[in-house]
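Letter by letter, the chains look like this.
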Amino acid sequence: MNDSLLLYIFYGLVAGFSQYTPLSASAHQALFPMILRFNSVWPLLRFFVHLGALCGLLFLNWQRVNHMFRQMKIVATPPKQRNRTPDLDAVLDARIVMATSIPALIGAVLSAFTMRTHTSLLLLTIMLMVGATAIYIPDYLPGGDRKARGMSSLDGILLGVCAALSVIPGVSAVGLMLFVGLLRKCDKGYILDIILMICGMMLAGQIITDLVSFVISGFSGFSVHKIIGCFFAAAASFGGSIGAIFMMRFLIVKDGLSGFAYYGWGLGFFSLILYLMV
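Residues numbered from 1 in each chain as written. Predicted model: local features only at pLDDT ≥ 70, side-chain atom pairs only at ≥ 80, totals over all residues. Heavy atoms only, no water.

A. Local environment of the pattern of salt bridges. Applying the stated rule across the entire model yields 6 salt bridges. The partner of Arg64 in a salt bridge is Asp93, and the shortest N-O contact between them spans 3.0 Å. In this pair, Arg64 is assigned in helix 3 (residues 43–76) and Asp93 in helix 4 (residues 88–99), connecting sequence segments 29 residues apart. The exposure class assigned to Asp93 is buried, which follows from its relative accessible area of 6%. Measuring nitrogen to oxygen at the nearest pair gives 2.8 Å for the salt bridge that ties Asp155 to Arg146. Exposure remark for Asp155: the relative accessible area of 3% places this residue in the buried category. Connected through shared salt-bridge partners, Arg64, Asp93, Asp193 and Arg249 make up one network. (Salt bridge = Lys/Arg side-chain N within 4 Å of Asp/Glu carboxyl O. Helix = DSSP H or I, 4+ residues; strand = E, 2+ residues; numbered from the N terminus. Buried < 20%, exposed > 50% of the residue type's maximum accessible area, 1.4 Å probe, protein only.)

Here it is as structure tokens:
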């Protein structure tokens, strides 16, 4: 039962959903095996889960991502050789995402390695409580309307630092970036889309790291059953990520994100109980 396909599917759903919500993906992926005694969390499974989540993001945002790359290509072309005027908003969006790249990718690579180590339940409890509080506060602050033309490289760097801090178990990259972006008076829908692009970049870094970890491990734990389970987990992660993105886009402009804060506090208390019981 510990390696049943249902557990692979459930693990994929949880991992994919938590990638794009203010729920710490690292906390869920640490608590899941502990609670359900799931013994098959290995680098190749993380690779498939992260790949499924990235594919879900690209499935919903491919036109925007492709548009950003095409506009950056136009900007890189000498002015006299351009066939069209670049879309300034798309170019600025791309530059904001690029400004986050170094710290965000460092955090992504380090988080892939910290996932392999023992996670302190006490640390998870503290970070979950802090993260839930951080996502609760912006719902009660005056809204902002800053978009691409009103943002600077400093905003990109701050978002990148927040993404890098997700290396700490229990810290949600999405939650922390939303907290900073909303404090900086950014438009809610706009900053969410930028954060999703940053998360996609981080997932790409994690995917490479997962694959390298699997190769370094000497393909340990390899079996046909586990490979099948990985494909099921990837499909579940794909579905979970799509559901998470739709939910976030609806909630952030309609009802706010305080519901995630209540869940985070509840999960933090649950982690504390586990810590006291161990």
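B. Broad picture of the environment of Leu141. With respect to the secondary-structure elements, Leu141 resides in the loop between helix 6 (121–136) and helix 7 (153–164). Look at Leu141 and you get partly exposed, because its relative accessible area is 35%. In this structure, the C-alpha to C-alpha distance between Leu141 and Leu183, residues 42 residues apart in sequence, is 7.9 Å.

C. The packing of aromatic side chains, seen in detail. Per the counting criterion, the structure on display carries 7 aromatic pairs. Ring geometry for Phe59 and Phe238: centres 5.7 Å apart, planes at 65 degrees, overall edge-to-face. Residue Phe59 is located in helix 3, and its partner Phe238 is located in helix 10 (residues 224–251); the two are separated by 179 residues in the primary sequence. With a centroid separation of 5.1 Å and an interplanar angle of 45 degrees, the aromatic rings of Tyr136 and Tyr140 are classed as tilted. On the accessibility criterion, Tyr136 (24% relative accessible area) is partly exposed. (Phe/Tyr/Trp six-rings, centres within 6.5 Å; stacked < 30°, edge-to-face > 60°.)

D. Highlighting the nonpolar core. Counting 63 residues, the largest nonpolar core has Tyr20, Leu45, Met177, Leu178, Ile191, Ile198 and Leu257 as its most contacted members. Element by element, the count of residues in this core is highest for helix 9 (residues 188–216), at 14 residues. Beyond its immediate sequence surroundings of up to four residues, Met177 is in contact with Leu159, Cys162, Ala163, Ile195, Ile198 and Cys199. Counting residues in each nonpolar core, the second largest holds 8 residues, with Leu124, Leu128, Leu267 and Leu274 among its members. (Core = buried A, V, L, I, M, F, W, Y, C linked by side-chain atoms within 4.5 Å. Contact = heavy atoms within 4.5 Å.)

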